[in-house]
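An overview of the molecular structure
Listed below, chain by chain, are the residues.
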Amino acid sequence: MTGERGLMLVISGPSGCGKSSICRRLLEDERVVFSISATTRPMRTGETDGVDYFFVDKQRFREHIENGDFIEWAEVHGNLYGTLRGPMEEALAAGKTVLVEIDVQGGSQLKDLELPGLYVFIAPPNMDTLRARLVGRGTDAPEVIERRLKKAGEEMDKQDRYDHVVVNDDFEAALRTVRRLAGLEKEPSA
Ligand code: ADP
Ligand code: 5GP
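Below is a summary of the structure that appears in this document. (Residues numbered from 1 in each chain as written. Chains lettered and ligands numbered in written order. Predicted model: local features only at pLDDT ≥ 70, side-chain atom pairs only at ≥ 80, totals over all residues. Heavy atoms only, no water.)

What follows is about the site of ligand 1. Ligand 1 sits among 13 residues. The nearest are Gly16, Ser20, Ser21, Arg137 and Asn168. Separating an oxygen atom of ligand 1 from a backbone N or O atom of Gly18 is a distance of 3.0 Å. At a separation of 2.9 Å, a nitrogen atom of ligand 1 approaches a polar backbone atom of Asp169. Bound to the protein, ligand 1 loses 74% of the 570 Å² it would expose on its own. Of all elements in the fold, only helix H1 (19-26) and helix H5 (127-137) reach the threshold of two or more residues within the shell around ligand 1. Broken down by element, the residue count for the shell around ligand 1 peaks at three residues, all from H1. Its residues assigned to classes, the shell around ligand 1 comprises three nonpolar, six polar and four charged. (Near = heavy atom within 4 Å. Polar contact = N/O pair within 3.5 Å; in protein donor to acceptor, adjacent residues only side chain to side chain. Areas by Shrake-Rupley, 256 points an atom, 1.4 Å probe, with all protein chains shown as cover. Helix = DSSP H or I, 4+ residues; strand = E, 2+ residues; numbered from the N terminus. Nonpolar A, V, L, I, M, F, W, Y, C, P; charged D, E, K, R; others polar.)

Next up, the structure:
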C-alpha cells in the first residue's frame, strides 16, 4: 500500500443529516485524517487550535489568500473559512483518506474546482426525521432550526451534483456504505 496517493473524501449534506456523527466514526480508522480548515472566527469553548481549526486573524487569512495557500475559501456568517492546500497535499501524499466535512455550498464549490476526490451527499430519510434530529440534538434554538430546515430544502436539490447519495436512516448501515465507497471496508492487514 505504501506510495499510493490518498483520497479526498468530501462529506456534505444539510445540517442535522448526520455528517459529524459519520465523520467521528470514520476518524476512528487510522488511515483517515480530518482536513483542518483555517478560520477567522473566535475559538469556542472546548475547541483546540490546530485540531478543530487553525484560528487566525483577518490579516493572516488575507496573507494566505494572497499566497494562494487555499484550495477554496468562503465567508460564512461574517467569518472567513478556508481549506489549506499544504496540509491536504501532505496527507494525500502520505496515502491518507482526507475527510472534508463541509456544508452543501462549500462541497459544491470544491466539486466545481474539479479536484479529484469522492463527493458523498448524506441525506436524511425525510424532512420530518431531519427536524426531529435537529430538535433531538438540542444545540439550536427553534428559530435556528426553522432556518436550517428551510435551507435544507434548497440543499437537497443539489444532491445530484455529488458522486453518491447515502440516506442516513439506519446509522450503522449508512456508515458501512460510506466506508465501502471510500474503500475502507477492509481493515489494513497488520
Ligand atoms: P450534522 O453534523 O450533519 O449537522 P449530526 O451528526 O450532528 O448532523 O446529527 C444530528 C443529530 O442526529 C445528532 O443528535 C445525531 O446523534 C443524530 N443522528 C445522526 N444520525 C442518526 C441516525 N441514523 N438515526 C438517528 N439519529 C441520528
Ligand atoms: P462553524 O463556525 O460552525 O464551525 O462552521 C460554520 C460553517 O463553515 C459550516 O457550514 C462549515 O461547513 C463551514 N466551513 C468550515 N470550514 C470551511 C472551509 O474550509 N471552507 C468552507 N467553504 N466552509 C467551511
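Attention now goes to helix H4 (residues 104-112). For H4, the set of buried residues is Val104, Gly106, Gly107, Ser108 and Leu110. Packed against the buried residues of H4 are strand S1 (7-12), strand S5 (70-76), strand S7 (97-102), strand S8 (118-123) and helix H6 (142-156). Among the residues trailing H4, Glu114 stands out with phi positive, at a value near 55°. (Buried < 20%, exposed > 50% of the residue type's maximum accessible area, 1.4 Å probe, protein only. Contact = heavy atoms within 4.5 Å.)

Moving on to the sheet that holds strand S2 (residues 32-34). Ordered by their spatial adjacency, five strands build an open sheet running S2-S7-S1-S8-S9, and the pairing between neighbours is parallel. Of all the strands in the sheet, just S2 and strand S9 (164-167) have a single pairing partner and so form its edges. Averaged over all pairs of adjacent strands, the angle between strand axes in this sheet comes to 30°, irrespective of strand direction. Alignment of S8 against S9, held across four bridges, turns out to be parallel. For Ala123, the partnering residue across the bridge sits in S9 and is Val167. Across the sheet, H1 lies against S1, S2, S7 and S8, angled at about 165° from S7, the strand it touches most. (Pairing = 2+ DSSP bridges. Axes fitted to C-alpha atoms, helices over the stretch in contact; angles between N-to-C directions.)

Another point: the sheet that holds S5. With mixed pairing, the four strands of this open sheet are ordered in space as S4-S3-S6-S5. Lying at the two open borders of the sheet, with one neighbouring strand each, are strand S4 (54-55) and S5. Sheet topology places strand S3 (residues 37-39) next to S4; two bridges connect them, and they run parallel. Across the sheet, the residue bridging to Ala38 is Phe54, located in S4.

Our next topic: the site of ligand 2. Neighbouring residues of ligand 2: Ser37, Arg41, Arg44, Tyr53, Glu72, Ala74, Val76, Tyr81, Gly82, Thr83, Ile102 and Asp103. One nitrogen or oxygen atom from the side chain of Ser37 is found 2.7 Å from an oxygen atom belonging to ligand 2. In the complex, 80% of the free accessible area of ligand 2, which totals 510 Å², lies under the protein chains. Among the secondary structure elements, those contributing two or more residues to the shell around ligand 2 are S5 and strand S6 (79-84). Class assignment of the residues belonging to the shell around ligand 2 gives a composition of five nonpolar, three polar and four charged.

A few words on the packing of H5 against H6. Axis separation between H5 and H6 bottoms out at 11 Å; the angle between their running directions is 145°. Considering how the two elements wind past one another, H5 and H6 form a crossing that is right-handed. Along its contact with H5, which presents Met127, Leu130, Arg131, Leu134, Val135 and Arg137, the element H6 presents Ile145, Glu146, Arg148, Leu149, Ala152, Gly153 and Met156. Considered class by class, the residues forming the contact of H5 with H6 number eight nonpolar, one polar and four charged. (Left-handed = near helix turned anticlockwise from the far one by under 90°.)

Turning our eyes to something else, we now look at helix H7 (residues 171-181). Helical geometry note: an α-helix holds 3.6 residues per turn, so side chains three or four residues apart project in the same direction. Buried within H7 are the following residues: Ala174, Leu175 and Val178. All buried residues of H7 lie within an arc of 100° about the axis, which places them on one face of the element. Buried residues in H7 make contact with S1, H1, S8 and S9. N-capping of H7 is provided by Asp170, with a side-chain oxygen placed 3.0 Å from the backbone N of Glu172. (Arc of directions from axis to C-beta.)

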